[in-house]
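Per-entry structural report
What follows is the residue order along each chain.
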Amino acid sequence: MSARARKLSYELLGCARHGHVLVGTDAAAVRPQDHLVVREYAGLRWYRCLRCDAWLPRTAPASPARPFPPERDEISLPLRGRALRDRYVLRLIAVDRAVHFVVLAVLATAVFAFAADKPMLQQGFMRVLAGLQAGVGGPANTASGGVEGELTRLFAISIRSLVLTGAALICYAVLEGVEAVGLWQGRRWAEYLTFVATVLLVPLEVYEIGHRPTALKGLTLAINLAIAVYLVIAKRLFGVRGGQRAQRELRRADSGWAALEHATPHASADYSR
């Protein structure tokens, strides 16, 4: 695959999902200064997609709504290049945070429900446990482990501790939800919030891996470290690699009119053929 094709992959993905971005399709006539966005040739109008640079043929509108295509200051250019790539990466992180939000919200709901019905559930558990003990001819040693032991320790947790745990889960879920919404919308503050929240959890994740290592914990740590590094390097947080000013300049270079002019083929002198 050519370098040009790789560069356009995100643009083509965007057009495949949302359609091409064409302007001037409702204009009565095309002027030479409109050659960046629309041209006429052999009785057809060729409209340029402002996202992926594809030129698409259309017939002139039967009932035009305006005399000419819009001026540059009337056109909102879509994201292209690295800015579009970053948008997709941020939205992928947002999906990850949204999944965390749902899981934490469900866990918090379960904890609060358990705290509300703990006395009744504990009575039912003790009756079941007594029946099992009678069935095997003697008392069971719940302190030694197994399902009975784990449930016994669970019921030993105070309601206050359960409520505090549920509240902590709710707060963490809200944090993840805010991150998801902000990242999906491409907000700068959400990038900082996600970085700080991710880095603060890394020591806890390292501690958990050191005491009870599992493949899932290792994968989670690797993903969070990758997210933190990406946000600092690619999104230039905390002034790294020029900070937000350099980020804005790159966005103008990739998604501004200069980028479209650079990618525009030589225009014919005759636009009316």
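So, how was this worked out
Residues numbered from 1 in each chain as written. Predicted model: local features only at pLDDT ≥ 70, side-chain atom pairs only at ≥ 80, totals over all residues. Heavy atoms only, no water. Salt bridge = Lys/Arg side-chain N within 4 Å of Asp/Glu carboxyl O. Helix = DSSP H or I, 4+ residues; strand = E, 2+ residues; numbered from the N terminus. Buried < 20%, exposed > 50% of the residue type's maximum accessible area, 1.4 Å probe, protein only. Pairing = 2+ DSSP bridges. Axes fitted to C-alpha atoms, helices over the stretch in contact; angles between N-to-C directions. Contact = heavy atoms within 4.5 Å. pLDDT = per-residue confidence, 0-100.

1. Things to note about the pattern of salt bridges
According to the stated counting rule, one finds 16 salt bridges in the structure shown. The partner of Arg-80 in a salt bridge is Asp-53, and the shortest N-O contact between them spans 2.9 Å. Within this pair, whereas Arg-80 is found in the loop between β3 (55-58) and α3 (81-116), its partner Asp-53 is found in the loop between β2 (44-48) and β3, the two being separated by 27 residues in sequence. Taken individually, Arg-80 and Asp-53 each receive the classification buried, so the pair is uniform in this respect. Here the salt bridges do not stand alone but share partners, grouping Arg-85, Asp-86, Arg-188, Glu-191 and Lys-235 into one network.

2. Focus on the sheet that holds strand β1 (residues 38-41)
On the basis of which strands lie adjacent, the open sheet formed by three strands has the order β1-β2-β3 and antiparallel pairing. A single partner strand is all that each edge strand has here, and the edge strands are β1 and β3. Across the sheet, the mean angle separating the axes of adjacent strands is 30 degrees when strand polarity is ignored. In the sheet, β2 pairs with β3 via four bridges, with the strands oriented antiparallel. Paired with Arg-45 across the two strands is Arg-58, which belongs to β3.

3. Thoughts on the environment of Leu-56
Tracing the backbone shows Leu-56 in strand β3. On the basis of relative accessible area, Leu-56 is assigned to the buried category, the value being 16%. Distance from Leu-56 to Leu-22, taken between C-alpha atoms, is 8.9 Å for residues 34 residues apart in sequence. Ignoring anything within four residues of it in the chain, the contact list for Leu-56 reads His-20, Leu-22, Arg-45, Trp-46 and Tyr-47.

4. Quick notes on the confidence of the model for the chain
Residues at a pLDDT of 70 or more form 80% of the chain, whose mean pLDDT is 83. A low-confidence stretch, residues 131-140 (pLDDT under 50), is modelled with four contacts involving residues beyond four sequence positions or located in other chains. Here residues 269-273 is modelled with pLDDT under 50, and outside its nearest four sequence neighbours on either side it reaches 11 contacts, counting other chains as well.

5. So, unusual backbone geometry
For Arg-236, which is not a glycine, the phi torsion comes out positive at approximately 60 degrees. When you line up the elements, Arg-236 lands in the loop between α8 (215-233) and α9 (243-255). Arg-236 gets classed as buried once you look at its relative accessible area, which sits at 10%.

6. Some remarks on the pairing of β1
Where β1 meets β2, four bridges bridge the pair, whose relative direction is antiparallel. Opposite Glu-40, over in β2, you have Arg-45 as the bridge partner. Here β1 folds back onto β2 in antiparallel fashion, the turn holding two residues, of which Ala-42 has a positive phi close to 55 degrees.

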